[in-house]
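Structural description and commentary
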Amino acid sequence: MEDYIVRAVTKDGHIRAFGAYSKATVEEARKRHDLSPVAAAALGRTLTGAAMMGAMLKSEDDLITLQISGDGPIGTVMATADNTGRVKGFVGNPSVMLPPSKVGKLDVGKAVGDGVLTVVKDMGLKEPYAGQVALQTGEIAEDLTYYFAASEQVPSCVGLGVLMNRDDATVREAGGFIVQLMPLAPEEVLSNLEENIRSISSVTDMLSEGRSPEQIIECILKGMDVEFTDRLPMQFYCNCDRDRIEKALISIGRQELQKMIDDGEPITMNCHFCNTDYTFEIDELRGILKKIR
Ligand SMILES: [Zn+2]
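Residues numbered from 1 in each chain as written. Predicted model: local features only at pLDDT ≥ 70, side-chain atom pairs only at ≥ 80, totals over all residues.

1. A word on the overall build of the chain
To keep things clear, this is the line we draw: A run of H or I in DSSP becomes a helix once it reaches four residues, and a run of E becomes a strand once it reaches two; helices and strands are each numbered from the N terminus. Here the globule rule is a power law, 2.2 Å times the number of residues to the power 0.38, and the radius of gyration is based on C-alpha atoms. Remark: C-beta atoms are placed from the backbone, and a residue is labelled buried if 20 or more other C-beta atoms sit within 10 Å of its own, exposed if 12 or fewer do, or partly exposed between those counts.
When its secondary structure is counted, the chain shows ten helices and 13 strands. In summary, the chain has a C-alpha radius of gyration of 21 Å against a globular reference of 19 Å for 293 residues, a match within 12%. Taking the principal axes of the C-alpha coordinates as reference, the chain spans close to 70 × 45 × 35 Å. Residues classed as buried in the chain amount to 40% of the 293 residues present.

Now the structure itself:
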């Protein structure tokens, strides 16, 4: 099954929901960054959440970035998505290893630690919108739930799950959901929703039972009239290329570039988001220096 995001609404308009199947996206991230299991779980959850939040954006040029800055051994976790299902991201320490949590799960909360979640929406305006909240558990889904309530005043429920294969540490299943209560929703809709949420199992459990994002959403919105309005493909995608990296080299200025040329060694620049290396030979650096003159 290919990765995708679905959008849904209840026919009364009181609830909107997003669901994602993201196994290939998270596996691509794992391979590109050589992620340990707990790092794959942390980044995978963040990529999945970011992609669904990207699907909330209005325009194709808009971008959303989630930055999770905790004091745990994984360092910063970052993901950027647009509204077409494209998402990219990285973690500070991809090889972080931790013993499993008390309930035998990958301990994402401990890997992330205490800190803040920053959400930046770049919508082509002068100042991008930025909201910041304290991390609640570092497990990502709870932190996003808290962000929506505290920063956007939208009561929401976020579930994210990444399941790893024990034998070869590849990604077995990944996905998630975001369910949001619209303004003026009556009290009974909320209590219905709360009751449903209490009765569902974890996202990883539902995924390992083979449930699709649509089925997960139907489960959470049980007893309500659900309409799936849209489905878009989701993928790990980075928009870096040699031209962009060259512009970055130009921006460091003539003096620094001249120094690199004098050192006589080729320069390798790395794109953090997709871990691609770009090497520039001395002759190429000379060519770039000429462009600055
Ligand atoms: Zn890249």
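What follows continues from the structure just given.
2. A few points about the sheet that holds strand E8 (residues 156-164)
Quick reminder of the rule: The pairing criterion for strands is at least two bridges between them, as found by DSSP. Working convention: axes come from line fits to C-alpha atoms, limited for helices to the stretch in contact. Angles between N-to-C directions cover 0 to 180 degrees. C-beta atoms are first placed from the backbone for all residues, and any pair lying within 7 Å is then listed as a contact.
Spatial ordering of the open sheet is given by E8-E9-E2-E1-E10, a layout of five strands whose pairing is antiparallel. The sheet terminates laterally at E8 and strand E10 (226-233), the two strands that pair on one side only. Ignoring which end each strand starts from, the neighbouring axes of this sheet average 10° apart. Both strand E1 (residues 4-10) and strand E2 (residues 15-21) contribute to a ladder of six bridges, which runs antiparallel. In the strand pairing of E2, Ile 5 is matched with Ala 20. Its contacts with the sheet place helix H2 (residues 37-54) against E1, E2, E8 and strand E9 (171-181), and it is angled at close to 140° to E8.

3. Quick word on the sheet that holds strand E5 (residues 86-91)
Sheet architecture is open: six strands sit in the order E7-E6-E3-E4-E5-E11, paired in mixed fashion. Looking at which strands have only one partner, the edges of the open sheet turn out to be strand E7 (129-134) and strand E11 (235-236). The pairing of E5 with E11 spans two bridges and is classified as parallel. Note on E11: the bridge partner recorded for Val 87 is Phe 236.

4. Some thoughts on unusual backbone geometry
Residue Asp 34 is not a glycine yet carries a positive backbone phi of 50°. On the secondary structure map, Asp 34 appears in the loop between helix H1 (23-33) and H2. With phi around 60°, Ala 169 is a residue other than glycine that occupies positive phi space. The exposure class assigned to Ala 169 is exposed, which follows from the 12 C-beta atoms found within 10 Å.

5. Here we look at the packing of helix H8 (residues 242-251) against helix H10 (residues 282-292)
Defined as follows: Crossings are sorted by hand: turned counterclockwise from the far helix by less than a right angle, the near helix makes the crossing left-handed, and turned clockwise it makes it right-handed. Charged residues are taken to be Asp, Glu, Lys and Arg, nonpolar residues to be Ala, Val, Leu, Ile, Met, Phe, Trp, Tyr, Cys and Pro, and polar residues to be all remaining types, Gly included.
Where H8 meets H10, the axes come as close as 10 Å, and the angle between the chain directions of the two elements is 65°. The two elements H8 and H10 cross, and the hand of that crossing is right-handed. Across from Glu 246, Leu 249 and Ile 250 in H8, the residues of H10 making contact are Ile 288, Lys 291 and Ile 292. Here the residues of the contact of H8 with H10 sort into four nonpolar, no polar and two charged.

6. With respect to helix H7 (residues 213-220)
Convention followed: This arc is taken over the directions from the axis of the helix to the C-beta atoms.
Regarding H7, the residues found buried are Pro 213, Ile 216, Ile 217 and Ile 220. Considered in projection along H7, the buried side chains sweep an arc of 95° and stay on one side of the axis. For H7, the secondary structure elements touched by its buried residues are E1, E2, E9, helix H5 (187-199), helix H6 (203-208) and E10.

7. Quick look at the nonpolar core
Threshold: The term nonpolar core means buried Ala, Val, Leu, Ile, Met, Phe, Trp, Tyr and Cys residues held together as one set by C-beta atoms within 7 Å.
Of all hydrophobic cores here, the largest spans 71 residues; its most connected members are Ala 42 and Ala 51. Counting residues per element, this core draws most heavily on H2, at eleven residues. Among all residues touching Ala 42, those that are not within four sequence positions of it are Ile 74, Val 77, Val 91, Val 108, Ala 111, Val 112 and Ile 140.

8. A few points about the environment of Glu 195
By the secondary structure assignment, Glu 195 is in helix H5. Between the alpha carbons of Glu 195 and Leu 221 there is a distance of 9.9 Å; along the sequence they are 26 residues apart.

9. Quick notes on the pairing of E5
Buried residues dominate E5, accounting for six of its six residues. Taking every second residue as pointing to the same face, both faces of E5 are buried, with Arg 86, Lys 88 and Phe 90 on one and Val 87, Gly 89 and Val 91 on the other. Pairing of strand E4 (residues 76-81) with E5 involves five bridges; the strand directions are antiparallel. When the bridges of E5 are listed, Met 78 appears paired with Phe 90. Here E4 hands over to E5 after four residues, with Gly 85 in that stretch at a positive phi of 85°.

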